[in-house]
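Residue-level structural notes
The lines below spell out each chain.
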Amino acid sequence: MTAGTPVVSLREVSKAYPSGTLALDRLSLDVEPGELLSLLGPSGCGKSTLLRLIAGLTEPSSGSIAWADTAAQNRLGFVFQEPTLMPWARVEDNVRLPLMLAGMSRGESGRRVGEAITHVGLEGFERAYPRELSGGMRMRVSLARALVLRPRVLLMDEPFASLDEITRFRLESDLADLHRRQGLTVVFVTHSVFESVYLGTRVVVLSPRPGRVAASRRIEGPAPRVEAFRTSTAYLEACRDVSALLAAAMERPLTLALSPSGGEGIEPPLPREGEGRGEGRR
Amino acid sequence: MTSHTMRPKYRVLAPALIGLLALGAWESIVRWQEIPPYILPGPILIARTVVSDWGTLFPSLVVTLAITAAAFVVSAVLGLLLAILFTQSPWIERALFPYAVILQVTPLVAIAPLIILWIKWIPLALLICAWLVAFFPVLSNTVLGLTSTDRNLVDLFRLYGASRWQALRYLRLPAALPYFLGGLRISGGLALIGAVVAEFVAGTGGAQSGLAFRILEAGYQLQIPRMFAAVFLISAAGVLIFALLTGLSRLALGRWHESEIEREA
């Protein structure tokens, strides 16, 4: 793989489910090496389907997905919306899972498991069970499990969506730091404009279902991200731009409410009488 | 306050107190109404009979428990293996599961005479009868557990290239363990009931007779306290089996499964 060659290229990819639902429609996208690509779109626009297609967990109905390097394809890290841990296994055994399935002995895998746990700041919790951890710590375990294979590409499906804001901010900073330190290529699915802009080196906006790439915007910001970036003019401008792109993708006006907490940011206006597509807050 | 939040001493004391009150009321009514022992013996007389007839009752208890234990072990092993087989292919499950249901819903008292007629070795006939009653909860619970695995974890195993065997060993079986143990708890009691019902139908006598025969025999001889003593031993055995299986469940799941985690009040 040469510099600049996309890690993975999707060309005219469509995905229809047996129920007849068309989740993605002729979507084309290149994931560049080393970028942190934020995939932003409304609920149900096919973001998770797109991630599952890239991971090879489902097949496209039409179109092609080409990897520049099969080694990268075979060493993917995947983080789900929920921590998705084995409740019967201790933290270290959850993290060890990909190595164990690859046939690596406990002795061989011990150092790498320790490193991955250190990376996510969970030293001292190796022998704990998932139920003994907080939501944020469980998500860290999930991240450590994805990192233990030393992946070149990390796929993340709204991993911080169910966390409280303080934990989410901390994990976002940690992810941005890991991305820079390890030179990872990350595809990060989110429905939050703020999160997509804070984390992403590029934000790709998907249209409502069936999902297609509606817009793409590069984000200029410090690497790694620092908390001060959240209050910078560049960040707020990028958020406005991305919100406008999202609004255009949804083909109806949206107003951006920049709340001090940085919480819900997209407030669609109430639908006019007779307007069938208004679904309230997204 | 649920049983999980109750202090351990109250968890034992509360049912013991209710039991003592009920036994006290029973004994009082029997004495107050002067009910003859051949109609309804009091708990004290039953306890005395357990002690005095221990030489007769204990060997019968051992026979019944041996049939129960054998039926339970066979149910656990076959139930688990069949459940694994069913979940390997929807075709196998669709082809065989209806027959498992038929075996479960057919009354044991209706088919036990046939089984005892066909199988000449009575202990084996009793074992089959008890197994027929006991295996279904293990099978259906384990199938449910094996097919209820977290979809994301299944995807994760696929993503990391897990073989069918690895997915079964490291994911599906541990995920199904609470369901399997739940099935065992039901199965343990049913194995005892199946063994006793089969003994009733078989009506066997001699040295290898179980507690059901002792109940029949005592009924014929109007030794009602002994009949109650045998019933008491069957109930006590059932409670012991349930307690042992609950302990096993707590041992296996206590660290991680919601059903067994001790919570602070």
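Examining the environment of Leu-245 of chain A
Residues and elements named next belong to chain A. In this fold, Leu-245 is placed in helix α8 (residues 233-249). Remark: the alpha-carbon pair of Leu-245 and Val-204, spanning 41 residues in sequence, is separated by 9.5 Å. Other than its neighbours up to four places away in sequence, Leu-245 contacts Val-205, Ala-214, Ala-215 and Arg-217.

Some remarks on the domain arrangement of chain A
All names here are of chain A. Its domain assignment divides chain A into domain 1 (1-75 + 152-233) and domain 2 (82-150). For domain 1 and domain 2, the distance between their C-alpha centres works out to 23 Å. Facing 10 residues of domain 1, the contacting portion of domain 2 comprises nine residues. Looking at the side of domain 1 that touches domain 2, the element that brings in the most residues is helix α6 (residues 165-182), giving four residues. Looking at the side of domain 1 that touches domain 2, its residues break down into six nonpolar, two polar and two charged.

Re the sheet that holds strand β2 (residues 22-31) of chain A
Residues and elements named next belong to chain A. On the basis of which strands lie adjacent, the open sheet formed by three strands has the order β2-β1-β4 and antiparallel pairing. Edge positions in the sheet fall to β2 and β4 (62-67), since each of these pairs with one other strand and no more. For this sheet, the mean angle separating the axes of adjacent strands, direction not counted, is 15°. As judged from the five bridges shared by strand β1 (residues 8-16) and β4, these two strands associate in the antiparallel manner. When the sheet's bridge partners are listed, Ser-14 is paired in β4 with Ser-62.

Quick notes on the domain arrangement of chain B
Domain annotation of chain B identifies domain 1 (1-35) and domain 2 (42-260). Between the C-alpha centres of domain 1 of chain B and domain 2 of chain B the distance comes to 28 Å.

As for helix α8 (residues 164-202) of chain B
All names here are of chain B. In a regular helix each residue adds 1.5 Å, so 39 residues correspond to 57 Å; α8 covers only 45 Å between its end C-alpha atoms and thus falls short of that length. Where α8 bends most, the angle comes to about 45°, and this point is Leu-177, followed within four residues by the proline Pro-178. Looking one or two residues beyond α8, the residue adopting positive phi is Gly-203, at roughly 55°.

Section: the interface of chain B and chain A
Tallying the contact residues gives 15 residues for chain B and 15 residues for chain A. Elements with a minimum of two residues in the side of chain B that touches chain A: α7 (151-159) and α8 of chain B. Among the elements that line the side of chain B that touches chain A, the one with the most residues is α7 of chain B, at seven residues. Of the residues in the side of chain B that touches chain A, the class split is eight nonpolar, three polar and four charged.

What counts, and where the lines are drawn
Residues numbered from 1 in each chain as written. Chains lettered and ligands numbered in written order. Predicted model: local features only at pLDDT ≥ 70, side-chain atom pairs only at ≥ 80, totals over all residues. Helix = DSSP H or I, 4+ residues; strand = E, 2+ residues; numbered from the N terminus. Contact = placed C-beta atoms within 7 Å. Domains from an automatic or database assignment. Nonpolar A, V, L, I, M, F, W, Y, C, P; charged D, E, K, R; others polar. Pairing = 2+ DSSP bridges. Axes fitted to C-alpha atoms, helices over the stretch in contact; angles between N-to-C directions. Expected span 1.5 Å × (residues − 1). Bend = angle between axes of the 7 residues up to and from the residue.

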